[in-house]
Every structure is written in structure tokens, then in C-alpha cells.
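# An overview of the molecular structure
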Amino acid sequence: MHKLVQVGMLSALCLSSSFAFAKGERYGVSVNMLSIDSIEYKEGSSSSQDTLRYGIVHTRPISEDNNRWRWWLGLNYLSEDMKAPKNGIYQELSNLEFRVVPQYALSSWSIFTPYIGAGLSLGYSQYSNRWKVDSAGFKYGEQLKDIDQFEVGAVAAIGSVIKLGSDPDAHMQIIPQVSYILPVVNDGLGGVELSVSLLF
């Protein structure tokens, strides 16, 4: 957990201070429902499971000359007990994710601006208290080795900005979004994510 806190502090510092203030940049919070795909291990597989994770978000224009493109930078955290499938693996998960996604606004209709994006998910995960579970749901054998690893995933996203207020520079934004995370480096967290963000 100490290593996870260090990674989190470093990521938060990068998110909050590595960018100069620019016109059109925003900060906010997000709530995400992640449907985690099962992970295959040599001892068995983990469960597929829905979980909530929470995050902070920063967006900023990629270019001041083209307001259709922007960066989506997110820092998300989750902690979850992963229930085991029959003859599978039980484990407790802590994950910190830093997400970098360039997004393109397709058009604008009144208060709605739909967009698409693709980028990277950079995570650090700790899988602890790991056990084999039998067909009746009981743990057995020796406790499995904990796993601490960095994970990289490809992210595809589609969503819409919903503007609240008439001032284009001061209005709030509600952003519903659907994302898919595909693990690329280390077999880690992946799956479909539904999120709602509030940006100021």
C-alpha cells in the first residue's frame, strides 16, 4: 500500500502542476462503473466483477487554434474484494490508474457535444490475500503469492459534453462516457467502463 500511495502522490502532482493554465482547461471529478474482465492465472481465473471507482479529471485544448481537439487526463482509484468463481482465484485488489486520452469533438447540437477518443491507461495494481477456491466456494491450500505490477492498456472512449450555463468559458459540464480498456502490458484490469464526470 505504501508503494501505491507514492505512485498516487506522483500522479496527482503531475496531473495538477505539470501544465500551465490555458484557455478552455477544466478540472473535475468522476464516478466510474467498471465491469472488470476475468484475469487468467496458471492457478485458475479471477472473477468478472462490477465495481465503482472514483477519480479526478483535467481537460485542456490540444491546440488553441482548433477547439475540436482536447486532452483528457484522469486519475482513478479503486479498492475491491474480487469474489472467486468456482475453482478460481479470490484476491483483494487495489489499483491506481492514470489515463491520457486525446479526444475529438464530432459536432455541437445545442448543449450537446459528442466526441470520440483513444489513448492509454497507465496503472499500478496490487493483488493481495490471494487464495484458490474450490467448487463450493471455500478457500484451500496455501496462500498464493501477492502480485504488484504496473499495467498498460489501450483505451477507446465515446461520450458527450453536456453544457450547463450560457457562458462558454465559465459553464459547468456533465460528461457521460463509455470506455473500453484492453490490457496490453501485463495481464491486468480491462473491461467496459461507464462514467459520469462533472467539470468546472
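I will try to describe carefully the structure that is included in this document. (Residues numbered from 1 in each chain as written. Predicted model: local features only at pLDDT ≥ 70, side-chain atom pairs only at ≥ 80, totals over all residues. Heavy atoms only, no water.)

## Focus on the side chain of T59
Within the secondary structure, T59 sits in strand 4 (residues 49-63). In this view, T59 contacts G24, E25, R26, R70, W71, W72 and L199; residues no more than four positions away in its chain are not counted. (Helix = DSSP H or I, 4+ residues; strand = E, 2+ residues; numbered from the N terminus. Contact = heavy atoms within 4.5 Å.)

## Topic: the packing of aromatic side chains
Scanning the model with the defined rule gives two aromatic pairs in all. For the pair W69 and Y104, a centre-to-centre distance of 5.0 Å together with 50° between the ring planes defines the contact as tilted. Here Y104 lies in strand 6 (residues 89-105) and W69 lies in strand 5 (residues 66-82), a separation of 35 residues in the sequence. Assessed through its relative accessible area of 37%, W69 is described here as partly exposed. Judged by centre distance (4.8 Å) and plane angle (55°), the rings of Y124 and F150 are tilted. Residue Y124 is found in strand 7 (residues 112-133), and its partner F150 is found in strand 9 (residues 147-164); the two are separated by 26 residues along the sequence. Here the guanidinium or amino end of R130 rests over the ring plane of Y41, the centre of that ring lying 4.6 Å away. (Phe/Tyr/Trp six-rings, centres within 6.5 Å; stacked < 30°, edge-to-face > 60°. Buried < 20%, exposed > 50% of the residue type's maximum accessible area, 1.4 Å probe, protein only. Lys NZ or Arg CZ within 6 Å of the ring centre and 35° of its normal.)

## Topic: the environment of L78
With respect to the secondary-structure elements, L78 resides in strand 5. Distance from L78 to R53, taken between C-alpha atoms, is 4.7 Å for residues 25 residues apart in sequence.

## Section: unusual backbone geometry
Although it is not a glycine, N129 sits at a positive phi angle of roughly 50°. Looking at the secondary structure, you find N129 in strand 7. We classify N129 as partly exposed; its relative accessible area is 23%. Residues other than glycine seldom take positive phi values, yet N186 does so here, at roughly 65°. Looking at the secondary structure, you find N186 in the loop between strand 10 (172-185) and strand 11 (191-199). Its relative accessible area of 39% is what places N186 among the partly exposed residues.

## Structural notes on the pairing of strand 7
Walk down a regular strand and you will see the side chains alternate between the two sheet faces. Inspection of the sheet shows strand 6 paired to strand 7 by 14 bridges, in the antiparallel sense. Bridge pairing links L93 to Y127 in strand 7. Hairpin geometry of strand 6 and strand 7 is characterised by an intervening segment of six residues between the two adjacent antiparallel strands and by a positive phi of about 55° at S110. Where strand 7 lies against strand 9, 16 bridges are found, and the strand directions are antiparallel. Within strand 9, the residue paired with L122 across the bridge is V152. In the sheet, strand 7 pairs with strand 8 (residues 139-144) via three bridges, with the strands oriented antiparallel. Opposite V133, over in strand 8, you have K139 as the bridge partner. (Pairing = 2+ DSSP bridges.)

## Some remarks on the nonpolar core
Proteins that are soluble and globular tend to have nonpolar side chains buried together. Of all hydrophobic cores here, the largest spans 20 residues; its most connected members are I36, W72, L93, Y127, I175 and L189. Broken down by secondary-structure element, the contributors of at least two residues to this core are strand 1 (26-36), strand 5, strand 6, strand 7, strand 9 and strand 10. Setting aside anything within four residues of it in sequence, one finds I36 in contact with S47, S48, Q49, T51, M82, L93, L189 and G190. (Core = buried A, V, L, I, M, F, W, Y, C linked by side-chain atoms within 4.5 Å.)

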